[in-house]
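Coordinate inspection notes
Each chain, written out:
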Amino acid sequence: MEQNQLPMKKYILFIFYALGLFSCNYQTFSPIKYYPNEFDTGNKYLLSQKFYPRIKVYEEIECTLQYERITEGKKSNRVYFIIKRNIDVVDLIPMIHIKIDSSVEHIKIHKINSSYFTEETPETKTTTIDSTGISTSTSSGSVDHWNIDKFYIDITPEIMSKIDVSKSLSYRLYYGPEPVTIKYQFEKLNQLKELYSKK
């Protein structure tokens with residue numbers, strides 16, 4: 001009886017191990033959106049991907065890359081960058097570097113726009129009544145501030161062809177001397193390849 005239970009225990013342990021691996025590697029991605037050519041602007045595909053690289057080693061920023069692919073008429077393969085940061089840095093250098101496997105391409109950045117935002121949280125007071133009497137607690141207010149930088153680049157057919165057969169992809173941009181590197185994971189790279197295969 002005990003001999004029959006050993007294989008069963010190993011099998012159950014294997015299932016739990018496999019489930020653990022699956023949950024640790026689970027990721028979610030925004031789907032590719034399709035807009036048909038209803039207004040004579042061409043078939044349009046959009047893909048949004050989010051990354052959290054660091055600047056100045058310790059400061060995390062939020063980067064959203066919005067890919068636009070138009071496959072009819074005035075064809076276009078454009079990438080819009082939206083970068084949210086709450087740290088002061090030198091102005092963005094208008095050049096981005098794309099590393100595709102071991103090849104590096106340099107692309108001019110267009111229409112750099114930076115905006116500054118603030119949000120104030122007011123002070124709050126809470127009054128509590130219990131058997132010991134009345135007590136009042138106060139939480140101090142706060143002010144959050146952040147910058148949002150927006151720009152875009154155009155991807156050439158030659159770069160698209162390299163991405164299509166690539167195993168790794170990353171972007172590098174600079175705020176003055178400070179580098180920001182956006183690295184692609186395997187799943188996101190495959191999703192980008194899927195976008196560029198659309199006709």
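Below, the structure is looked at part by part.

The next subject is the environment of I83. Checked against the element boundaries, I83 lands in strand 6 (residues 76–85). Owing to a relative accessible area of 0%, I83 belongs among the buried residues under this scheme. Measuring from C-alpha to C-alpha, the distance between I83 and D149 comes to 5.1 Å, with 66 residues separating the pair along the chain. Leaving out residues up to four positions away in the same chain, I83 has contacts with I61, E62, C63, N147, I148, D149, F151, L173 and Y175.

Right, let's talk about the sheet that holds strand 1 (residues 33–35) for a bit. Pairing in this open sheet of six strands is antiparallel, and the strands run 1-2-5-6-12-9 from one edge to the other. Only two strands of the sheet have a single neighbouring strand rather than two, namely strand 1 and strand 9 (110–121). Each adjacent strand pair in this sheet contributes to an overall mean axis angle of 20°, direction not counted. Relative to strand 5 (residues 62–70), strand 2 (residues 44–51) runs antiparallel, the two being bridged by eight bridges. Within the sheet, the bridge partner assigned to Q49 lies in strand 5 and is L65. Sitting on the sheet, helix 3 (residues 186–196) touches strand 2, strand 5 and strand 6, and the angle it makes with strand 2 is about 165°.

Next up on the list: the packing of helix 2 (residues 157–164) against helix 3. Axes are the key here: two packed helices are described by the angle between their axes and the distance separating the axes. One can describe the packing of helix 2 onto helix 3 by two numbers: an axis separation of 10 Å at closest approach and a directional angle of 130°. Our classification of the angle between helix 2 and helix 3 gives oblique. Handedness of the helix 2/helix 3 crossing: left-handed. Contacts between helix 2 and helix 3 involve M160, I163 and D164 from the first element and L189, L192, K193 and Y196 from the second.

Below, the discussion takes up the side chain of S76. Tracing the backbone through its elements, the reader meets S76 in strand 6. Judged by its relative accessible area of 14%, S76 is buried.

Generally speaking, soluble globular proteins have nonpolar side chains that are buried together. Core analysis: the largest hydrophobic core is formed by 35 residues, its most contacted members being L65, Y67, I153 and Y171. Aside from chain neighbours lying at most four places away, what touches I153 is N77, R78, V79, F81, I96, I98, I107, K108, I109 and Y171.

On to the pattern of salt bridges. Counted under the stated rule, the structure contains six salt bridges. When the shortest N-O distance is used, the salt bridge between K50 and E62 registers 3.9 Å. Taken together, the residues span a long stretch of sequence, with K50 in strand 2 and E62 in strand 5 at a distance of twelve residues. Among the residues examined, E62 registers a relative accessible area of 25% and is labelled partly exposed. Here E105 and K162 are joined by a salt bridge, their closest N and O atoms 2.5 Å apart. Taken together, the positions of E105 in strand 8 (residues 103–108) and K162 in helix 2 put the pair 57 residues apart, joining distant regions of the chain. Judged by relative accessible area, K162 falls into the partly exposed class, the value being 33%.

Parameters at a glance
Residues numbered from 1 in each chain as written. Predicted model: local features only at pLDDT ≥ 70, side-chain atom pairs only at ≥ 80, totals over all residues. Heavy atoms only, no water. Helix = DSSP H or I, 4+ residues; strand = E, 2+ residues; numbered from the N terminus. Buried < 20%, exposed > 50% of the residue type's maximum accessible area, 1.4 Å probe, protein only. Contact = heavy atoms within 4.5 Å. Pairing = 2+ DSSP bridges. Axes fitted to C-alpha atoms, helices over the stretch in contact; angles between N-to-C directions. Parallel < 35°, antiparallel > 145°, perpendicular 65-115°, else oblique. Left-handed = near helix turned anticlockwise from the far one by under 90°. Core = buried A, V, L, I, M, F, W, Y, C linked by side-chain atoms within 4.5 Å. Salt bridge = Lys/Arg side-chain N within 4 Å of Asp/Glu carboxyl O.

All we've got here are geometric facts, nothing functional implied.
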